[in-house]
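Chains, contacts and geometry: an overview
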Amino acid sequence: MSNNRFLIAYTLIVFTIAFIGCKQKAELEATNKYSNTSVKNIDERVDSVLKLMTLTEKVGQMNQYNGFWEITGPIPKEGNAKMKYEHLKMGLVGSVLNVQGSVNVRKLQEIVVKESRLGIPLIFGFDVIHGHKTLSPIPLAEAASWDLKAIEKSARVAAIEASAVGINWTFAPMVDISRDARWGRVMEGAGEDVYLGSKIGAARVKGFQGDDLAANNTIAACAKHFAGYAFAEGGRDYNTVDVGTSTLYNVIFPPFQATIDAGVRTFMNSFNVVNGIPATANKFLQRDILKDKWQFNGFVVSDWGSGGEMIDHGFAKDLKQVAELAANAGSDMDMESYAYVAHLQKLVEEGKVTMAVIDDAVKRILRVKFELGLFDDPYKYCSAEREKTLIYNAKHQAAVLDMAKKSIVLLKNNKSILPLSKTQKNIAVIGALANDKNSPLGSWRIGSDDSTAVSVIEGLKQYTTNFKYAKGANLITGKASFIEELKINETDKTGFAEAVELAKKSSVVVMVLGEHGFQSGEGRSRSKLDLPGVQQQLLEAVYKVNKNIVLVLMNGRPLAITWANEHIPAIVEAWQLGSQTGNAVAQVLFGDYNPSGKLPITFPRSVGQVPLYYSHYSTGRPGPKDLVFWSHYMDESYKPLYPFGYGLSYAKFAYSNLTVNDADKANIKVSVTITNTSKIAGEEVAQLYIHDKIASVVRPVKELKGFEKIMLKAGESRTITFTLTNKELGFYNNDGVFIVEPGEFEVMIGTSCNEGLSAIFKL
Ligand code: NOJ
């Protein structure tokens, strides 16, 4: 070909490509002109976009990258950041995580919208776990409120804040039922119970997503980690998970199903293997159960690098096989494994992944983007004006304070040492955590600012100046961060003498002890459940000189505080309560708020008992028995320190008149009367448990199947009624079929899983 001819041919090709590109972008824009966003229209719009996409672009939608450069600074010139930037322009990225700020998000969105061929907007993910800028209590603490409205509101506030800085997708709620206190991520869920965890998971989804996902202050939620992540052997994060069918269907799955019923739009799979198959490549979980059986039509994102980790698991030989296995198993979007973007196209060309698999994944992703309204306005979450409202949002601070108060659990109050009198003289406050503005913020707070919590000392100052503070000992040595291992002070006791001297001269000692906020969370498993470092020694040293101690615990998991329970007259579980920690604690200590929380997770007596949970099976050798042949320990009680559902109030409640009406087997009515026998108003969480006595698959000794939180004035009585239907009385057999079996049931209503009135009824 002569040079001229070549030039003409080349120019023609370039023009043709450009023409097709422009035409398709115009077509895409035309598809966005629908104003009615009904589901049918969304599906039509999804199809109309899919039709325009090349295989490369489809694979691009299935790729998610972490944020990667100072977006408002110069464009990256080399390395990984440069590659990601180029991929954005080429339409090879469907989502970005960990980018926030209206300016940053807009910048990235502009690159794909303006520079990629089809301009399909990105969806921006972020771990909005317990608040965003204004921090709520950690999720486990919120669960202790048993207050679904408050929990929903907390998620709502988080969504309002996150959506103001460009985020439109949170990786929450975590609905893993967690029964091993060693596992650091117990802080991120709703605790050990299926029923409570399901209700809370649904409430959080509703809070994040609101009534209208297309509104600019609602964000897509993500139920995670599908599935079994909390059952890591030894409580060691990322470890092997091996669970039986009954546990899978009756314990692990139900909270996920509840989030689907609540409309959750995305799922995240998990790092672990489930019975030998990594969750990310688990076809049974993602296709058979989630997408086929449960008909979930949102999308599944992998966990961070969980695709690539299948090589370490010994399940895939390289990233290409990772892509093949994960995509075929129904993992729609690859978070930071670089497997899909590198290999999926080739795998389709080789026939190892079908176009139908790709189209299904892409449609799911596009659907959520349409539902969020991103095609109508890709910049709708980027508002400098709304962003400004986050600097110090008094309304949001009030909301998280309310949540924080409700999350506190009163564990012990001998001789009514609490509440403290506002005129109490000579109060000693001891413990590094009392003066800490950082640790109470908890673990997941990357959207917020360090050291911004109201400390306990600051909270107490609102009530009294009659206190003195002595630290006693540092909890940590060195810095605390989300990613680095924390160093605990195991030796330095030089501050003990000052604390002991102060305690000697004081009428009452408030000791704030427990875990640092970064001692729980991802990668933070512990093999001990005691007070970390030298805190137990400090507690005992102070106790020697002053027994009048109020122990305020801060922790992200159950602690085995058996010694404290035996010796210390008052114990307040204050978890990590977020931005308003100190104010919430002070209000409880001085009685302006009457504590109403109940434990969402069992507190063991010692670490050797875990996993310890109330809803266990009976075993064939229940006890106690005289001889050794029953299920117990030689050197520790088999009972918990504080059971699930336990929590005191400054008021006192009595239960009476339990009645069961089982005339209508489809709606069995169980009533009880609760009386506030004290002189102050208070809230009680009445809990209903059942026991299916004989079943074709053994059932737990107790299962929560209803609860109601009621406020009772001093002396007031109220009768409440629960209705038990097949939903509460049935269970999944080992074929995954939900069945309801006739027979005898025991029902109990009470103040915790261990205390209440019971009756028998027949189904
Ligand atoms: C890993 C965690 O397991 C997951 O829960 C989180 O959402 C992702 N990282 C993204 O940060």
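Presented here is a report on the structure given in the accompanying data block. Being a predicted model, the structure only gives us computed values, none of them experimental. (Residues numbered from 1 in each chain as written. Predicted model: local features only at pLDDT ≥ 70, side-chain atom pairs only at ≥ 80, totals over all residues. Heavy atoms only, no water.)

A cluster of basic residues, Lys149, Lys199, Lys206 and Lys727, forms a positive patch on the protein surface. Position of Lys199 relative to the elements: it lies in helix α8 (residues 194-209). Lys199 sits in the partly exposed class, given a relative accessible area of 33%. (Patch = residues over 30% accessible without salt bridge, like charges linked within 9 Å, V, L, I, M, F, W, Y side chains within 5 Å. Areas by Shrake-Rupley, 256 points an atom, 1.4 Å probe, with all protein chains shown as cover. Salt bridge = Lys/Arg side-chain N within 4 Å of Asp/Glu carboxyl O. Lys, Arg positive; Asp, Glu negative; His and termini not counted. Charge placed at Lys NZ, Arg CZ, Asp CG, Glu CD. Helix = DSSP H or I, 4+ residues; strand = E, 2+ residues; numbered from the N terminus. Buried < 20%, exposed > 50% of the residue type's maximum accessible area, 1.4 Å probe, protein only.)

Turning our eyes to something else, we now look at the pattern of salt bridges. Side-chain pairs of opposite charge can arise where the charged atoms are in close proximity. Counted by the stated rule, this structure contains 42 salt bridges. A salt bridge links Lys82 to Glu86, with the shortest nitrogen-to-oxygen separation between them at 3.0 Å. Pair noted here: Lys82 and Glu86 are both in helix α4 (residues 79-89), with a separation of 4 residues, about one helical turn. A residue is classified by how much of its surface remains accessible, and Lys82, at 28% relative accessible area, is partly exposed. Of the charged contacts, one joins Glu371 and Arg265 as a salt bridge, the two residues approaching to 2.6 Å between their closest N and O atoms. Placement of Glu371 in helix α14 (residues 355-372) and of Arg265 in the loop between α9 (245-261) and β6 (266-269) is noted, with a sequence separation of 106 residues between them. Bridged by salt links that share partners, the residues Asp127, Arg185, Glu188, Lys224 and Glu522 form one connected network.

This part takes up the packing of α9 against helix α10 (residues 283-293). Put simply, α9 and α10 touch, their axes get as near as 12 Å, and they point 50° apart. Of the possible angle classes, the one that applies to α9 and α10 is oblique. Two packed elements cross with a definite hand, and for α9 against α10 that hand is right-handed. Contact residues: Leu248, Tyr249, Phe253 and Ile260 in α9; Phe284, Leu285, Ile289, Leu290 and Lys293 in α10. (Axes fitted to C-alpha atoms, helices over the stretch in contact; angles between N-to-C directions. Parallel < 35°, antiparallel > 145°, perpendicular 65-115°, else oblique. Left-handed = near helix turned anticlockwise from the far one by under 90°. Contact = heavy atoms within 4.5 Å.)

Right, let's talk about the side chain of Ser246 for a bit. With respect to the helices and strands, the residue Ser246 is situated in helix α9. Engagement of the side chain of Ser246 in a polar contact is seen with the side chain of Tyr617, the distance being 3.4 Å. Ignoring sequence-local partners within four residues, the contact set of Ser246 consists of Val251, Tyr617, Val697, Arg699 and Asn734. (Polar contact = N/O pair within 3.5 Å; in protein donor to acceptor, adjacent residues only side chain to side chain.)

Looking now at unusual backbone geometry. In this model, Ala172 is joined to Pro173 through a cis peptide bond whose omega is 10°. Structurally, Pro173 is set in the loop between β4 (169-170) and α8. In this structure, Tyr238 takes a positive phi of about 75° despite not being glycine. Here Tyr238 lies in the loop between β5 (222-226) and α9. In the Ramachandran plot, Lys415 falls in the positive-phi region, its phi being about 50° despite a non-glycine side chain. By the secondary structure assignment, Lys415 is in the loop between β11 (409-413) and β12 (427-430). Using a relative accessible area of 85% as the deciding quantity, one classes Lys415 as exposed.

Attention now moves to the layout of surface pockets. To find leftover empty space, a probe the size of one water molecule is rolled over the atoms. Considering only enclosed or pocket space, the largest pocket measures out at about 1,000 Å³ in volume. As for the largest pocket, its lining consists of 43 residues, and the residues nearest its centre are Val194, Ser198, Asn250, Val251 and Pro254. Secondary-structure elements contributing two or more residues to the lining of the largest pocket are α8, α9, β20 (703-712), α22 (726-729) and β22 (731-732). Considering each element in turn, the lining of the largest pocket owes the most residues, 8 residues, to α9. Grouping the amino acids of the lining of the largest pocket by side-chain chemistry returns 22 nonpolar, 9 polar and 12 charged. (1 Å grid on protein atoms, 1.4 Å probe; cavity = no way out; pocket = protein on both sides within 12 Å on 5 of 7 lines; lining within 4 Å. Points joined across faces, edges and corners; volume = space filled by probe spheres on them. Nonpolar A, V, L, I, M, F, W, Y, C, P; charged D, E, K, R; others polar.)

Let us look at helix α18 (residues 496-504). When α18 is considered as a whole, its buried residues turn out to be Phe496, Ala499, Val500, Leu502 and Ala503. The arc that holds every buried residue of α18, seen down its axis, measures 160°, which confines them to one face. Buried-residue contacts for α18 involve β12, β13 (467-470), β14 (508-514) and α19 (535-545). (Arc of directions from axis to C-beta.)

This paragraph deals with the site of the ligand. In the region of the ligand, the neighbouring residues are Leu97, Asp127, Phe171, Arg185, Lys224, His225, Met268, Phe271, Asp303, Trp304, Met335 and Glu522. The separation between an oxygen atom of the ligand and a polar side-chain atom of Lys224 is 2.8 Å. The separation between an oxygen atom of the ligand and a polar side-chain atom of Asp303 is 2.5 Å. Summarising the interface, the protein chains cover 95% of the accessible area of the ligand, which totals 290 Å² for the free molecule. (Near = heavy atom within 4 Å.)

Here the focus is the pairing of strand β19 (residues 682-692). In terms of residue burial, β19 counts as a mostly covered element, since 11 of its 11 residues are buried. The pairing of β19 with β20 spans 9 bridges and is antiparallel. When the sheet's bridge partners are listed, Gln687 is paired in β20 with Phe707. In this sheet, strand β24 (residues 744-752) lies alongside β19 in antiparallel orientation, the contact comprising 6 bridges. By the bridge assignment for β24, Asp692 is matched with Phe745. (Pairing = 2+ DSSP bridges.)

Enumeration according to the criterion identifies 33 aromatic pairs in this entry. Geometrically, the ring pair formed by Trp183 and Tyr229 is edge-to-face, given 5.0 Å between the ring centres and 90° between the ring planes. Remark: Tyr229 occurs in the loop between β5 and α9 and Trp183 occurs in the loop between β4 and α8; sequence separation between them is 46 residues. Residue Tyr229 is classed as buried on the basis of its relative accessible area, which comes to 1%. For the pair Phe253 and Trp294, a centre-to-centre distance of 5.3 Å together with 90° between the ring planes defines the contact as edge-to-face. With Phe253 in helix α9 and Trp294 in the loop between α10 and β9 (299-301), this residue pair connects regions lying 41 residues apart in the sequence. According to the relative accessible area criterion, Trp294 is buried, its value standing at 14%. An aromatic cluster is built from Phe226, Tyr249, Phe253, Phe256, Phe267, Trp294, Phe296, Tyr732 and Phe738, whose rings are joined through pairwise contacts. One Lys or Arg, Arg179, reaches over the ring of Tyr613 and ends 4.2 Å from the middle of that ring. (Phe/Tyr/Trp six-rings, centres within 6.5 Å; stacked < 30°, edge-to-face > 60°. Lys NZ or Arg CZ within 6 Å of the ring centre and 35° of its normal.)

Before going further, it helps to spend a moment on the sheet that holds β9. Judged by pairing direction, the sheet is parallel, and its 3 strands sit side by side in the order β5-β6-β9 without closing on themselves. Whereas interior strands pair on both sides, the edge strands pair on one side only; in this sheet they are β5 and β9. Strand after strand, the sheet turns through a mean of 25° between neighbouring axes, direction not considered. Pairing of β6 with β9 involves 3 bridges; the strand directions are parallel. Following the sheet pairing, Phe267 is matched in β9 by Val300. Along the sheet face, α9 touches β5 and β6 and points at about 160° away from the line of β5. Across the sheet, α10 lies against β5, β6 and β9, angled at about 140° from β5, the strand it touches most.

Here we come to empty space enclosed by the protein. Evaluation of the coordinates by the stated rule reveals 6 cavities of 30 Å³ or more. Broken down by class, the residue content of the lining of the largest cavity amounts to 5 nonpolar, 4 polar and 2 charged. Computed from the structure, the second largest cavity encloses a volume of approximately 60 Å³. Lining the second largest cavity, in full, are Ile129, His130, Gly131, Pro137, Pro139, Glu142, Ser154, Ala155, Ala158, Arg204 and Phe208.

Within the secondary structure layout, Asn393 lies in the loop between α15 (384-388) and α16 (394-407). Looking at Asn393, its side chain comes within polar contact range of the main-chain nitrogen of His396, at 3.0 Å.

Turning our attention to the packing of helix α12 (residues 319-329) against helix α13 (residues 339-349). The geometry of α12 relative to α13 is characterised by a closest axis approach of 8 Å and an angle of 75° between their N-to-C directions. In this view, α12 runs roughly perpendicular relative to α13, as classed from their interaxial angle. Contacts from Leu319, Lys320, Val322, Ala323, Glu324, Ala326 and Ala327 of α12 reach α13 at Ala339, Tyr340, His343, Leu344, Lys346 and Leu347. Residues that form the contact of α12 with α13 fall into these classes: 9 nonpolar, 1 polar and 3 charged.

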